[in-house]
Amino acid sequence: MYICKSIICGILLIFSSVTFSVAQSVWMPDNGNGTFTNPLMWGDWPDPDVIRVGDDFYMVSTSMHYVPGCPIVTSKDLVNWKMLSYAVDRYDEDARYDMNGGTLYLNGAWASSIRYHNGKFYVAFCTPYGWGTEKGHFSICEAETAAGPWTRTIFPEYMYDPGLFFDDDGKVYVVHGQGTLYLTELQADVKSVKGEAVKIWDTRFQDSQTVGSQFALEGAHMYKINGMYYITCPAGGTEGWQICLRSKNIYGPYEHQLIMQDTTSYPPNGLHQGGMVQLKNGDWWFIIMQDRGPFGRVPHLQPVIWKNGWPILGDNGKDVVTYPKPNVRKRRQTLMAPATSDDFDENKLGLQWQWNHNPDNAKWSLIDRKGFLRLKASFALNLTEARNTLTQRLQGPTCEGTVEIDLNGLKDGNVAGFGIFQKPHAYVAIEQNGTQRRIVMCKDSEVQEHTEGITGENIWFRIRVNDKDFTARFYYSSDGRHYHQIGGSFKMGLGYPWTGNRFALFNFSRKPIGINGYADFNWFHFTNK
């Protein structure tokens, strides 16, 4: 099988210069005829914010407890995107990010904002309180190039859903809050707060058309256009809409306007929260997310039409599903999408991967055995407490992931396999007890079905998922050709709110004697099928 891997890699290299879609089967928004079809990425890229610097566009997304954090993608046309970097290498402010003394699920980075000013890139985000911590905080990362390296400043102040804004008079602000919106001025070096937070908005909504008490504004991003300050915000939650505020004075008073409300593309979920960007030719576009259940929140691209000084999104506030691409005046655009499949042939981990919490870098390697990802087991009773679980996004509307694992390095107590990670989670894995091995399919670590007497040196695992009923099905093979379903279907959930389910590669040990037993992953192959 290792010879076949080399042949396949050679074929992919030959065709990789044509398009990414040849090298990997993924959702492609570019129709190849001058139009695109939403979503831009059929996976979990929540809370998008976007900027343009010269001919390049940059988008940042929320990543919560996954590491590295704050993924940044880049594009030449707002339709075809590729991974570029992460603004946060790891979280060192609390030992629980290392799963030492507990865990910090749903912490990390929330509601990232990206801006470019005076030759520097900035990414701002908040870490909330109430999800295992008593006090939240606010961070700003900065870099000379969007590819990094990035440096991070942690502020003692807490600013929920921060929108970073550089005014044309040299002042720097953050607009933030939920329900009540505040404006906080920063020092010019963007490393500390200059003044107290000033309340600029405290109105809620009964529905998209009516002021009331039920729905709050959040996820604010600020712009200054033709002397007017604009703040765009979502309201209404999963089935919500997008509101715009405007004022001639940065501190208000602000008036408001509904700029998008539509649930037709994925009913009953609306388009809400995102960022706006201007092309070189003066056109404006908006990237806005839509909740798609256990697959996560996916970004849509919408044109902006200005009406009476308001930026109205889509087709008069309605979602455009297939639409002409932005006019960036480029004759040809390479079709591309963020990477998925990985043969683990590089010395650095692909940007498509994120760890659950901080990794233990002594317990994984791409160089111990060339062409393999080696995961060394740490002690854990279950997958949610296991170090070095490596994840990447599911993609809709259907997708399939397959891995091959060399089992020769496993020790007594090791559990090595392939899963769907969220809360609840499920997986198919090899369990080793003494010298005996068995295949198990588990839901939240409870065995649903098992197969005894596994003797081969290699095992293949496969998972298929779809968005119609949000189910996953698990398979194993002893030869890489004939697969057998095990354990029935698994209903994916969202016990960790606001983050999509993910494929997960793992190896942990339920017995101390099995620490440092290792599983060698030969490859991970992804396809939308």
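Use the structure listed above.
Bear in mind that the values here come from a model prediction, so they are computed numbers and not experimental data.

Peer 1: Residues and numbers for the overall build of the chain, please.
Peer 2: Summing up its helical and strand segments, the chain has two helices and 39 strands in all. Taking 24 Å as the expected radius of gyration for a compact globule of 529 residues, we find that the chain reaches 23 Å, a close match to that expectation. Across its three principal directions, the C-alpha atoms of the chain cover 75 × 50 × 40 Å. Residue pairs at least 24 apart in sequence account for 59% of intrachain contacts in the chain once pairs closer than 6 positions are excluded. Accessible surface computed for the chain: about 20,500 Å², of which carbon and sulfur atoms make up 49%. Side-chain charges in the chain split into 51 positive and 54 negative, and the spacing between the mean points of these groups amounts to 3 Å.

Peer 1: Kindly report on the side chain of aspartate 262, identifying the contributing residues and their values.
Peer 2: When you line up the elements, aspartate 262 lands in the loop between strand E20 (255-260) and strand E21 (271-278). For the buried aspartate 262, which has no salt bridge, the nearest side chain bearing the opposite charge is lysine 318, at an N-O separation of 5.0 Å. At 2.9 Å, the side chain of aspartate 262 and the side chain of threonine 264 are in polar contact. At 2.7 Å, the side chain of aspartate 262 and the backbone nitrogen of aspartate 319 are in polar contact.

Peer 1: Outline the sheet that holds strand E39 (residues 518-527), listing residues and values.
Peer 2: One open sheet holds the seven strands; their spatial order is E27-E28-E39-E30-E35-E36-E37, and the pairing between them is antiparallel. Pairing within the sheet leaves two strands with one partner each, and these edge strands are strand E27 (364-365) and strand E37 (484-491). Note that strand E30 (residues 398-406) and strand E35 (residues 458-466) share nine bridges and pair antiparallel. Note on E35: the bridge partner recorded for glutamate 400 is arginine 464.

Peer 1: Report on empty space enclosed by the protein, specifying residues and quantitative values.
Peer 2: Taken as a whole and judged by the stated rule, the model has three cavities of 30 Å³ or more. Counted as a void, the largest cavity has a volume near 130 Å³. In terms of lining, the largest cavity is formed by 16 residues, of which the most central are Trp45, Pro338, Ala339, Thr340 and Gln395.

Peer 1: Just give me the short version of the state of the cysteines, but keep the residues and values in it.
Peer 2: Think of a disulfide as a covalent bridge from one cysteine sulfur atom to another cysteine sulfur atom. A complete count under the given rule lists zero disulfides for this structure. Looking at the unpaired cysteine 70, the closest cysteine sulfur is the one in cysteine 141, lying at 5.8 Å. According to the relative accessible area criterion, cysteine 70 is buried, its value standing at 0%.

Peer 1: How would you explain unusual backbone geometry if you had to name every residue and give the values?
Peer 2: The linkage connecting valine 67 with the following residue, proline 68, adopts the cis geometry, with an omega of 0°. Among the secondary structure elements, proline 68 is positioned in the loop between strand E4 (66-67) and strand E5 (69-75). Cis geometry marks the peptide bond from glycine 252 to proline 253; its omega dihedral reads 10°. Locating proline 253 in the fold gives a position in the loop between strand E19 (241-247) and E20. Positive phi outside glycine occurs at asparagine 308, with the angle close to 55°. Examined against the element boundaries, asparagine 308 turns out to sit in the loop between strand E23 (297-307) and strand E24 (310-313). For asparagine 308, a relative accessible area of 75% translates into the label exposed. Here phenylalanine 470, not a glycine, exhibits a phi torsion of approximately 55°, which is positive. Looking at the secondary structure, you find phenylalanine 470 in the loop between E35 and strand E36 (471-477).

Peer 1: I'd like a rundown of the layout of surface pockets, residues and numbers included.
Peer 2: Its volume calculated, the second largest pocket comes out at about 550 Å³. Ile51, Arg115, Tyr116, Tyr223 and Trp284 are the residues nearest the centre of the second largest pocket, which is lined by 18 residues in total. Looking at which element gives the most residues to the lining of the second largest pocket, the answer is strand E17 (residues 221-225), with four residues. A per-class count over the lining of the second largest pocket returns 11 nonpolar, two polar and five charged.

Peer 1: Describe the sheet that holds E21, with residues and values.
Peer 2: Note on sheets: strands pair through backbone hydrogen bonds, and any given pair is parallel or antiparallel. The four strands are arranged E21-E22-E23-E24 in an open sheet whose pairing can be described as antiparallel. The outermost strands of the open sheet, each flanked by one partner alone, are E21 and E24. On average, adjacent strands in this sheet sit at an angle of 35° to one another, irrespective of strand direction. Looking at chain direction, strand E22 (residues 284-291) and E23 are connected through eight bridges and run antiparallel. From the neighbouring strand, phenylalanine 286 faces E23, where its bridge partner is glutamine 302.

Peer 1: Tell me about the packing of aromatic side chains, and name the residues and values.
Peer 2: Counted according to the given criterion, the structure contains 32 aromatic pairs. Ring geometry for tryptophan 131 and tryptophan 498: centres 5.7 Å apart, planes at 85°, overall edge-to-face. With a gap of 367 residues between them, tryptophan 131 in the loop between strand E8 (120-127) and strand E9 (137-143) and tryptophan 498 in the loop between E37 and strand E38 (502-509) connect regions that are remote in the sequence. A residue is classified by how much of its surface remains accessible, and tryptophan 498, at 41% relative accessible area, is partly exposed. Following the ring pairs from residue to residue traces out a cluster consisting of Phe344, Trp353, Phe418, Phe503, Phe524 and Phe526. Just above the ring of phenylalanine 372 sits the side chain of arginine 369; from NZ or CZ to the centre is 3.8 Å. Positioned above the aromatic ring of tyrosine 483 is the side chain of arginine 462, whose terminal nitrogen or guanidinium carbon lies 3.9 Å from the ring centre.

Peer 1: An account of the nonpolar core is requested, with residue identities and associated values reported.
Peer 2: One finds Ile420, Phe461, Phe474 and Leu505 to be the most contacted residues of the largest nonpolar core, which totals 48 residues. Counting 22 residues, the second largest nonpolar core, distinct from the first, contains Tyr105, Tyr160, Ala380 and Tyr427.

Peer 1: Account for the environment of serine 192, with residues named and values stated.
Peer 2: If you trace the backbone, serine 192 turns up in the loop between strand E13 (180-186) and strand E14 (198-201). For the pair serine 192 and aspartate 94, spaced 98 residues apart in sequence, the C-alpha to C-alpha distance is 21 Å. Other than its neighbours up to four places away in sequence, serine 192 contacts Phe155, Leu186 and Gln187.

Criteria and cut-off values
Residues numbered from 1 in each chain as written. Predicted model: local features only at pLDDT ≥ 70, side-chain atom pairs only at ≥ 80, totals over all residues. Heavy atoms only, no water. Helix = DSSP H or I, 4+ residues; strand = E, 2+ residues; numbered from the N terminus. Rg over C-alpha atoms; globule rule 2.2 N^0.38 Å. Contact = heavy atoms within 4.5 Å. Areas by Shrake-Rupley, 256 points an atom, 1.4 Å probe, with all protein chains shown as cover. Lys, Arg positive; Asp, Glu negative; His and termini not counted. Charge placed at Lys NZ, Arg CZ, Asp CG, Glu CD. Buried < 20%, exposed > 50% of the residue type's maximum accessible area, 1.4 Å probe, protein only. Salt bridge = Lys/Arg side-chain N within 4 Å of Asp/Glu carboxyl O. Polar contact = N/O pair within 3.5 Å; in protein donor to acceptor, adjacent residues only side chain to side chain. Pairing = 2+ DSSP bridges. 1 Å grid on protein atoms, 1.4 Å probe; cavity = no way out; pocket = protein on both sides within 12 Å on 5 of 7 lines; lining within 4 Å. Points joined across faces, edges and corners; volume = space filled by probe spheres on them. Disulfide = S-S within 2.5 Å. Nonpolar A, V, L, I, M, F, W, Y, C, P; charged D, E, K, R; others polar. Axes fitted to C-alpha atoms, helices over the stretch in contact; angles between N-to-C directions. Phe/Tyr/Trp six-rings, centres within 6.5 Å; stacked < 30°, edge-to-face > 60°. Lys NZ or Arg CZ within 6 Å of the ring centre and 35° of its normal. Core = buried A, V, L, I, M, F, W, Y, C linked by side-chain atoms within 4.5 Å.

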